[in-house]
Amino acid sequence: MIGSQRASQRAEGRRGADRRRNVELALLGLALAVCFFAYIDANEAMNGKLPKGLLVYGVMFTGLTLVAHLVMRRFARYADPLILPCAVLLNGFGQVLLDRLDQSYKIVHAAKGDFQKLPAAPQQVTWIFIAVAVALGLIVLVKHHRILQRYVYILMVGALVLLMAPAFFPGDSFGAKRWIRLPGISLEPDEFVKLAICVFFAGYLMVSRDALALVGRKIWGLSLPRGRNAGPVLAIWVISLLVLIFERDLGTSLIFFGVFIVMLYVATERTSWTVLGMLMAVGGATVVGTLEPHVHGRVEAWLHPLDYYKTLGQPHPAVSSNQPAEALFSFGTGHLTGTGLGQGRPWLIGFAGRSDFIFTTIGEELGLAGVIAVLMVYGLFIQRGLKTALSLSDPFGKLLATGLASAVALQVFVVVGGVTGLIPLTGKALPFLAAGGSSTMANWLLTALLIKLSDAAGRTMLEPEPEPSGTIAPMAAPVAAPAGAPAQGGVPEQGGPVGPPDNDTMYLRATPPAPPSSGATPPPYGRATVHGTAQPTPGPTSAPTPAPGQQPESPGF
């Protein structure tokens, strides 16, 4: 009876996993169709004929997508079916925009002889294939996301080294020092740092959640944390300011500090941390933006973009770039539906194909409708990451999925906000759309991590782990706690209502077996569950009765 129930449960779970993969395959086909249609449309508008590389690129990208799907069926069959199609759609559409801009730059900059006449799309194709291969390798080799818990401090040390490394390399790129330049190769380490800090913050906050959630004092109705617990936030704040000062990298500082504050709020549920973090971010950015010339110039270009033209095209003393103004002109030209792919003039913005200003191509040639459509795809990608965090049962996975989704959300916000004039320019690459080997590699690694996390969440939901007896354990009844004891799943020293264990608690708590007393035998303990708590193994007939004065075991988290 038990064996048939378990087999039926597994069969139903596998059928649910197969349905997910079938949905994914259909969505991948739709994503490829959109990209191929856009590729054909842009070339028809510009050249009046089909693109020469349509067959070659079509076979290459279709084959790569099918390989990724087959790997998902074999090694991540329970994963969310929307994550991979969103990444493929954004990456493929970005390749269409790069090819469209390359053709215009080749004509306009041929006589000038500068680097913009060199195509960016072919090199980006190479990076896409390398990045997808590395991401698939991670999906195959990493059996479970909790393996990363063993390396949180090693990853953080490596991330700090990478974060500080550009400051020691000579040469700036458009005012910022974000690259490590070696013979024949250049690396943008901050793209990989965002992944490492998400892993570290997830491990650190899982362990330190209790201490960080304690309340110190209230000021103006706001519950502030204790002073000694605010040290980590101050340290992260100082590091982000040092990056902003020495590397003049506003985008990395905002993402680095913002991800930590979001994950801190999720772990502690303390609004005071969010308010304190925002005040520290705004205060630090204001001071640095006033004193550091490069950051100050970007703030001035944001506040007064048209001042550049007051000097008849010559560099303005405060506003050193006309890109913010040109971006506004480009968006204004697009109106609601745009001029059409290949029929605008986005190449008037210098090196738009190699920077965050590739987003202006969407605004001009696809209009407001195209901008909203692309942002909705980003929003869907982020939403699936947050849904994965809600579905996971272990606190490390919850925090890691939240951090990865937040990193994408913050990067899209700072790039799109800077290009549209909402905030100062940051110089970050728009995930999946913009050119760049480091950005492409890091974003596909992030996608692979989200796929592994969603696979664990889907496996728990579609095929729950049975108890040693082969049955699913029922929900335990509420257990009364002694007077004055904190609520289970709550925070010490704060009290709160007593109730059943909170299975979504963000930290681990192992319940030790009660010591044996006279006339009573403690229940045997089986293997550890995904929560890190040993579950009691039920006896052949009924669970043993606890001895007088002994607290019953709670099979919770």
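Just above, that's the structure.
This structure is a prediction, so every number in the text was calculated from the model and none was measured.

This brings us to the environment of asparagine 47. Within the secondary structure, asparagine 47 sits in helix 1 (residues 2–47). The exposure class assigned to asparagine 47 is partly exposed, which follows from its relative accessible area of 40%. Once the C-alpha coordinates of asparagine 47 and glutamine 103 are considered, the two residues, 56 residues apart in sequence, prove to be 9.8 Å apart. In terms of polar contacts, asparagine 47 uses its side chain to reach the side chain of glutamine 103, at 2.9 Å.

Moving on, we get to the packing of aromatic side chains. Counted under the stated rule, the structure contains eleven aromatic pairs. Between phenylalanine 201 and phenylalanine 260, the aromatic rings sit 4.6 Å apart at their centres with planes inclined by 55°, giving tilted as the arrangement. Of this pair, phenylalanine 201 sits in helix 6 (residues 190–213) while phenylalanine 260 sits in helix 8 (residues 250–268), and the two are 59 residues apart along the sequence. For the residue pair phenylalanine 201 and phenylalanine 260, the accessibility class agrees, reading buried in each case. Between phenylalanine 432 and tryptophan 444, the ring centres sit 5.9 Å apart and the planes meet at 85°, which makes this aromatic pair edge-to-face. One end of the pair, phenylalanine 432, is in the loop between helix 14 (395–420) and helix 15 (437–462); the other, tryptophan 444, is in helix 15, with twelve residues separating them in the sequence. Each member of the pair, phenylalanine 432 together with tryptophan 444, is buried. Put simply, the rings of Tyr153, Phe200, Phe201, Tyr204, Phe256 and Phe260 pair up and form one aromatic cluster.

Phi at histidine 335 is positive, roughly 55°, even though this residue is not glycine. Not every positive phi belongs to a glycine, and phenylalanine 432 is a case in point at roughly 75°. Taking relative accessible area as the criterion, phenylalanine 432 reaches 5% and is therefore assigned buried.

Quick notes on the rules
- Residues numbered from 1 in each chain as written.
- Predicted model: local features only at pLDDT ≥ 70, side-chain atom pairs only at ≥ 80, totals over all residues.
- Heavy atoms only, no water.
- Helix = DSSP H or I, 4+ residues; strand = E, 2+ residues; numbered from the N terminus.
- Buried < 20%, exposed > 50% of the residue type's maximum accessible area, 1.4 Å probe, protein only.
- Polar contact = N/O pair within 3.5 Å; in protein donor to acceptor, adjacent residues only side chain to side chain.
- Phe/Tyr/Trp six-rings, centres within 6.5 Å; stacked < 30°, edge-to-face > 60°.

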